Amino acid sequence: MSEVKIAAETRSEFGKGAARRIRRDNKVPGVLYGRGSDPIHLTLPGHELLLALRTSNVLISLDIDGKTNELAIPKSVQRDPIKGYLEHVDLQLVKRGEQVNVEIYVHTEGELAPGAYLLEHVLNALPVEAEATHIPESVTVSIEGLAAGDSVLAKDIPLPKGTKLAVEEDTVVLQVLAAQAEESEGETAEGDAAAEA
């Protein structure tokens, strides 16, 4: 897991106008919360934060006003729906050795059995509990040879050492479905004619 250092500033201005001014300066408003402490309102550098968030569950080392250093993980990221720039970020305080609940992406490898099958991702991300400084970015599971009716349960997914499931073991993560064959118009017309006769 990567750790990224970002310099942040505390902010005292709130509301839409203040947020717009912050974003105009290529910065992002955010909130740091957790461990029973009062939320800290921050201004973060937009470009550095955008690069950091390319890594899922990135560990961010915040240098706040050059005085305090805090570790945090992103919990909620709001983006502009059209232009895609960052509008706001919520960060959760963590400390080394602390267990945190996060979601990690599930990647697949291998090929389904021959036939018209579809792989459905029931869960795109798997809820797990991991040590704050050792959060896996993703897990990979083999779907080699699976056919319609087969599924992959949470307990079937190999997790890195020190990571535990945060869902029931029998939760379906992936399932294989038979592709629905569409009837051609000719078959439908013949079927209707037979039904009328």
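Right, let's walk through the structure included here. (Residues numbered from 1 in each chain as written. Predicted model: local features only at pLDDT ≥ 70, side-chain atom pairs only at ≥ 80, totals over all residues. Heavy atoms only, no water.)

### Digging into the nonpolar core
Selection criterion: As used in this record, nonpolar core signifies buried Ala, Val, Leu, Ile, Met, Phe, Trp, Tyr and Cys residues forming a set joined through side-chain atoms within 4.5 Å. Whether a residue is buried, partly exposed or exposed follows from its accessible area with a 1.4 Å probe, protein chains only, as a fraction of its type maximum: under 20%, in between, or over 50%, in that order. In this description a helix means any DSSP run of H or I spanning at least four residues, a strand means any run of E spanning at least two, and both kinds are numbered starting from the N terminus. Contacts were defined at the residue level, with two residues in contact if any of their heavy atoms lie within 4.5 Å.
Core analysis: the biggest nonpolar cluster contains 23 residues, and Leu 126 and Ile 157 have the highest contact counts within it. With 4 residues, strand β7 (residues 99–109) is the single largest residue contributor to this core. Setting aside chain neighbours within four positions, we find Leu 126 in contact with Val 102, Glu 103, Ile 104, Val 106, Ala 154, Ile 157, Leu 159, Leu 165, Val 167 and Val 173. With 18 residues, the next largest nonpolar core counts Ala 8, Leu 44, Leu 53 and Ile 60 among its residues.

### Looking at the layout of surface pockets
Using a probe with the size of a water molecule, rolled over the atoms, empty space left in the structure can be pinpointed. Here is the rule: A cavity here means a set of 1 Å grid points, computed over protein atoms only, where a 1.4 Å probe fits but cannot escape. A pocket is an open set with protein on both sides within 12 Å along at least 5 of 7 lines, and lining residues have an atom within 4 Å of a point. Grid points are joined across faces, edges and corners, and a volume is the space filled by probe spheres set on the points. Polarity classes work like this: nonpolar for Ala, Val, Leu, Ile, Met, Phe, Trp, Tyr, Cys and Pro, charged for Asp, Glu, Lys and Arg, and polar for all others, with Gly in that last group.
Taken as a whole, the largest pocket holds about 340 Å³ of empty space. What lines the largest pocket is a set of 14 residues, among which Ser 56, Asn 57, Pro 74, Glu 103 and Tyr 105 lie closest to the centre. Of all the elements in the fold, those that place two or more residues in the lining of the largest pocket are β5 (68–79) and β7. The residue makeup of the lining of the largest pocket, split by class, is 7 nonpolar, 3 polar and 4 charged.

### Quick word on the sheet that holds strand β12 (residues 164–165)
Selection criterion: The pairing criterion is simple: DSSP has to find at least two bridges between the two strands.
In spatial order, the strands read β10-β7-β9-β12; together these 4 strands make up an open sheet with mixed pairing. Pairing within the sheet leaves two strands with one partner each, and these edge strands are β10 (138–142) and β12. Here β7 runs beside β10; their pairing, made up of 5 bridges, is parallel. Directly across from His 107, in β10, lies its bridge partner Thr 140.

### Comments concerning the sheet that holds β5
Applied cut-off: Angles shown run from 0 to 180 degrees and are taken between the N-to-C directions of axes, each axis being a line fitted to C-alpha atoms and, for helices, limited to the stretch in contact.
Spatially, 6 strands are ordered β1-β3-β2-β6-β5-β4 in a closed barrel, and the strand pairing comes out mixed. Here the strands of the sheet are splayed against their neighbours by 45° on average, with no regard to which way each runs. Note: strand β1 (residues 3–10) against strand β3 (residues 37–45), 2 bridges, orientation antiparallel. Bridge pairing in β3 links Thr 10 to Leu 42.

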